[in-house]
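# Summary of the model geometry
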Amino acid sequence: MNLTARGGFVLPETVPARSDMSKQRGEKGARVPRVVAQLDAALFGRRWFVIDASNVRVPRVDVATLEQGLTLIGKGSAASVVGRLRDGVCVVDVDVAGEAGHAIAEDVARWCDRAALWHLVRPSGGADGRHHVFVAHNGQLEELKTYAASVRARFGVSTPNVDVRSAVRPLSTPHRCGGWTRPYGDLRAALRSLPEITPASPRPATRSAVGAVTPETPRPRRRRPLPREWQEYLRAGTLPRIGGQDRSRSTYELICTGAMVRAGFDVEAAWEAIQVAHPSAMSKARASRRRWVRAVWNRAVRDMDAAAPEYAVDDQVMAAVEQGRARLEEVMWSLPARRRPALLLVGHHLLDRIERTQQMRVPCPERDLVVETGITDRKTIRSVLQLLHGRLGVLDTTTFQPARSAQTSYEFVIDTAPEQGVREIPPPRIHTPSPRAPRGCWSALPRVCHSVWRALSRCPEPVTVEVVATLAGMSSSRTEALTPSQVRSARAALRALGRAGMAECDVDGQWAIRADASAEHAQSSATAYRCVHDQVVEERCEYRAGGVSQWSVQQAAELKANRAREQAWWDGLEAPERAERRRARQEEFAGLSVVEQERVKIELAERRVRAGVDEAARHDAWVDGHTMDAWVRRSIERQYRYQRLPEPLQQAKAAAWQRHRERFGIARGTPLATSRREHAAALPSTAAGRDEEFLLVDSGGRTTRRDVETG
């Protein structure tokens, strides 16, 4: 039998008598050759779906990647996967059995030879003679369709028997009736000779054409020295003791690289340590930086970052975080749908930082949030922070000092969760956080993907598109049904997450979260993260080099002038009017809850601080401004009201006052106030005693001092 080669495959020149070419070369569970997967990645785009044994599309099943589609085969009614070819590629489906089918496939291949077009022939697997001829048509699609029509006329078959199509079963997928068929010829040569399909969709690199390898950026860790045994390994080449049976040179180098990642080394610091190491240490890595980055460093970074860190949990902090996420959802439904993704992206990252640090107060620099969230517009982040102020927590702007911009920033504080009575706080326990998205992930995905991913993370079982879209806040309101447009948007976001390896669809059309992102998405996320991070570092350097801006000086002057105008207006009021206004505000304040009162006090104090008022000095002056009798009487009244409160409310008020004092540096008393209390205790006033006894007796005369003191 004479054979002719073209485009990297071998095709019979004459039609021989042969057995069924679709014999099962790849049974279920068999590994698909790597070159076949590379050809699929080069020929096909991103649109996939599964079909059943009767060649009908399985409804409601979204396939984000070919790999996910392959995992569905054999589950439920899914029998095979169909994909859409890239622009520039088509397939001639020869659905004719027997010798005629072989002749038609050969005829089409010869035409491609004459037109100098890349092509690849694969038995379709339906029956002997049926084939798929993949063609990179190079703009000659209409000519190919015309030739296919002439073939149909010569062989006397209909259009479905010889059809030019854009959707077909990939090379790595079995036939819907079972069995995998291998394309003809040298597949590696076919991959090398495959032209660029489109500039936006280049074919994957092969072993013969490997370019530069991009090192992955590890999660930020505090820099510390390597463990002593690995220091000795690098210094003197002494092999430390390790577990397991594999004690090859590669194993030691991988473990040592992992120790560098844990110690906070970046790739440059690690490579420098390798270069100056003992000749017998890290010798394999030192021979090829590219191989070490690709096979050792990147693997160690992925392994270290994939391992969720365990940390001690403060139950009070975790309860506050859970309550904060519930409040964030309430805020979400109060906004238009278009503003919700940014709100959730910033809000959840703030709560993640609180959970990670186990602190109720965390720094929230806008530029840090740009890096973490991928929202490059700082105005959007600023508006979200202002929106969350008073709803999710408190945005404390007094902590930022322009003169110490490298050490200070705005801080965000959330409230503690309300407690039922007095509880005993258990000792801290170990907590492993839920799966996290790769750094820079949201820069490489549509913004709504974050909302959908958060919604999926709350679902212990797979859910439908409609359910996850509602949880993600994509509907107009809680109760309104999703519109077809909203369902399409949710499905598009889920597909994007599926392509990133962060979600997957089962054979029933339901979606679930995946713990690990794909290597390709992790790499693209790392690249996006580095771009944004480098830009932020440059902006910070420029800002800090400039010192205090003229705008800040003008702002401070304007705030002070406004404060002076407000004080002049107040001083200009008549005394009765001031007293009436003061009384109305006091009654309004007394009607607020403890949390609302704390927020009002913080807002007023922050306004004064921005106007240049020293809050601690102002409070001390207010305390010393009372006469001795007025201060003692005020203390008695406040103590009486406090003792009349339920015990849980007493604890809440005391905790709120303590937080307020710590936030603004307010002392518990002044020297003058302390001396007055001591003087009152040493020389009790008869009038003060009568006032105290009067307050301790209620209108019915039934409350005694003992009753008040014992609660």
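Residues numbered from 1 in each chain as written. Predicted model: local features only at pLDDT ≥ 70, side-chain atom pairs only at ≥ 80, totals over all residues. Heavy atoms only, no water.

To continue, consider the overall build of the protein. Across its full length, the protein carries 27 helices and 16 strands. Within the protein, contacts between residues at least 6 apart in sequence are counted, and of these 71% link residues at least 24 apart. Within the structure as shown, the protein displays about 37800 Å² of accessible surface, and the carbon and sulfur contribution to it stands at 52%. (Helix = DSSP H or I, 4+ residues; strand = E, 2+ residues; numbered from the N terminus. Contact = heavy atoms within 4.5 Å. Areas by Shrake-Rupley, 256 points an atom, 1.4 Å probe, with all protein chains shown as cover.)

The three strands lie next to each other as β3-β4-β9, forming an open sheet whose pairing is antiparallel. Strands with a single pairing partner mark the edges of an open sheet, and in this sheet they are β3 (44-51) and β9 (167-168). Pairing geometry for strand β4 (residues 80-85) and β9, over two bridges, is antiparallel. Bridge pairing in β9 links Gly 83 to Val 168. Against the sheet, helix α1 (residues 34-43) touches β3 and β4, its axis set at about 110° to β3. (Pairing = 2+ DSSP bridges. Axes fitted to C-alpha atoms, helices over the stretch in contact; angles between N-to-C directions.)

A word on the sheet that holds strand β8 (residues 162-165). Spatial strand order, β6-β7-β5-β8: four strands in an open sheet with antiparallel pairing. Bordering the open sheet on either side are β6 (118-123) and β8, each of which pairs with just one other strand. Averaged over all pairs of adjacent strands, the angle between their axes in this sheet comes to 20°, without regard to strand direction. Alignment of strand β5 (residues 89-94) against β8, held across four bridges, turns out to be antiparallel. The residue bridging Val 91 from the neighbouring strand is Arg 165, located in β8. Docked against the sheet, helix α4 (residues 141-155) engages β5, β7 (131-136) and β8, running at close to 165° with respect to β8.

With that out of the way, let us pick up the packing of aromatic side chains. Under the defined criterion, the tally for this structure stands at ten aromatic pairs. Here the aromatic rings of Phe 44 and Phe 134 are separated by 6.4 Å at their centres, their planes lie at 70°, and the arrangement is edge-to-face. Within this pair, whereas Phe 44 is found in strand β3, its partner Phe 134 is found in strand β7, the two being separated by 90 residues in sequence. Sitting over the ring of Tyr 529, Arg 439 keeps its end group 4.2 Å from the ring centre. The ring of Trp 657 carries Lys 601 above its face, with NZ or CZ at 3.9 Å from the centroid. (Phe/Tyr/Trp six-rings, centres within 6.5 Å; stacked < 30°, edge-to-face > 60°. Lys NZ or Arg CZ within 6 Å of the ring centre and 35° of its normal.)

So, on to the nonpolar core. By size, the foremost hydrophobic cluster in this structure holds 93 residues, and its most contacted members are Leu 43, Trp 118, Phe 134, Leu 343, Trp 442, Leu 445 and Leu 497. In terms of residue count, the dominant contributor to this core is helix α12 (residues 340-357) (eight residues). Look past the residues within four positions of Leu 445 in its chain and what remains in contact with it is Ala 496, Leu 497, Ala 500, Met 502 and His 521. (Core = buried A, V, L, I, M, F, W, Y, C linked by side-chain atoms within 4.5 Å. Buried < 20%, exposed > 50% of the residue type's maximum accessible area, 1.4 Å probe, protein only.)

So, on to the environment of Tyr 529. Here Tyr 529 lies in helix α18 (residues 519-545). Overall, the relative accessible area of 12% leaves Tyr 529 in the buried class. For the pair Tyr 529 and Gly 440, spaced 89 residues apart in sequence, the C-alpha to C-alpha distance is 4.3 Å. Setting aside its immediate chain neighbours within four residues, Tyr 529 contacts Pro 220, Val 371, Arg 439 and Gly 440.

Residues with a pLDDT of 70 or more make up 83% of the protein, whose mean pLDDT is 81. Of the regions scoring below 50 in pLDDT, residues 1-29 engages in 75 contacts with residues more than four places distant in sequence or in other chains. (pLDDT = per-residue confidence, 0-100.)

Moving on, we come to unusual backbone geometry. Unusually for a residue other than glycine, Met 282 sits at a positive phi of about 55°. Its place among the elements puts Met 282 in the loop between α8 (267-275) and α9 (283-287). The residue Gln 358 is not glycine, and still its phi comes out positive at about 55°. Relative to the helices and strands, Gln 358 resides in the loop between α12 and β11 (361-363). On the basis of relative accessible area, Gln 358 is assigned to the buried category, the value being 13%.

Right, let's talk about the side chain of Arg 325 for a bit. Looking at the element boundaries, Arg 325 is found in helix α11 (residues 315-333). The exposure class of Arg 325 is buried, given its relative accessible area of 18%. Those residues in contact with Arg 325, other than ones at most four positions away along the chain, are His 348, Leu 351, Asp 352, Glu 355 and Arg 454.

Let us look at the packing of α12 against helix α14 (residues 378-388). Direction vectors running N to C along α12 and α14 enclose 70°, while the axes themselves pass 10 Å from each other. Between α12 and α14, the angle is such that the two are roughly perpendicular. Along this stretch, α12 crosses α14, giving a crossing that reads as right-handed. In contact with Ala 342, Leu 343, Val 346, Gly 347 and Leu 350 of α12, α14 contributes Thr 380, Ile 381, Val 384, Leu 385, Leu 387 and Leu 388. (Parallel < 35°, antiparallel > 145°, perpendicular 65-115°, else oblique. Left-handed = near helix turned anticlockwise from the far one by under 90°.)

Our focus in this paragraph is the side chain of Arg 367. Assignment of secondary structure puts Arg 367 in helix α13 (residues 366-373). You can call Arg 367 buried: its relative accessible area is 15%. Residues contacting Arg 367, with those up to four places away along its chain left out, are Arg 378, Val 536, Glu 539, Arg 540 and Tyr 543.

A grouping of Arg 34, Arg 188, Arg 192, Arg 290 and Arg 294 is seen on the molecular surface, where their side chains present a positively charged patch. Taken together, the elements giving at least two residues each to the positive patch come down to α5 (187-193) and α10 (289-306). Position of Arg 294 relative to the elements: it lies in helix α10. (Patch = residues over 30% accessible without salt bridge, like charges linked within 9 Å, V, L, I, M, F, W, Y side chains within 5 Å. Salt bridge = Lys/Arg side-chain N within 4 Å of Asp/Glu carboxyl O. Lys, Arg positive; Asp, Glu negative; His and termini not counted. Charge placed at Lys NZ, Arg CZ, Asp CG, Glu CD.)

Time to look at the environment of Glu 142. Along the chain, the position of Glu 142 falls in helix α4. Expressed as a C-alpha distance, the spacing of Glu 142 and Val 164, which sit 22 residues apart in the sequence, is 9.9 Å.

So, about the environment of Val 413. Following the sequence through the fold, Val 413 ends up in strand β13 (residues 411-413). Overall, Val 413 belongs to the buried group, its relative accessible area being 8%. Sequence-wise, Val 413 and Leu 392 are 21 residues apart; in three dimensions their C-alpha atoms are separated by 8.7 Å. With sequence-adjacent residues up to four places away left out, Val 413 is seen in contact with Met 360, Arg 361, Gly 393, Val 394 and Arg 663.

Before going further, it helps to examine the pattern of salt bridges. When their charged atoms lie close together, side chains carrying opposite charge are able to pair. All chains considered together, the criterion is met by 35 salt bridges. Between Asp 62 and Arg 495 there is a salt bridge, with the nearest N and O atoms lying 2.9 Å from each other. One end of the pair, Asp 62, is in the loop between β3 and α2 (66-72); the other, Arg 495, is in helix α17 (residues 484-499), and 433 residues separate them in sequence. Glu 268 is paired through a salt bridge with Arg 289; the nearest N and O atoms lie 3.0 Å apart. Taken together, the residues Glu 268 in helix α8 and Arg 289 in helix α10 connect sequence positions 21 residues apart. Judged by relative accessible area, which is 29%, Arg 289 ranks as partly exposed. Bridged by salt links that share partners, the residues Arg 325, Asp 352, Glu 355 and Arg 454 form one connected network.

A few words now on the pairing of β5. Every other side chain in a regular strand lies on the same face of the sheet, so the side chains alternate between the two faces. Burial analysis of β5 places six of its six residues in the buried class, the great majority of the element. Residues Val 89, Val 91 and Asp 93 point to one face of β5 and Cys 90, Val 92 and Val 94 to the other, with burial holding for every one of them. Bridge count between β5 and β7: six bridges; the pairing is antiparallel. Within the sheet, the bridge partner assigned to Val 92 lies in β7 and is Val 133.

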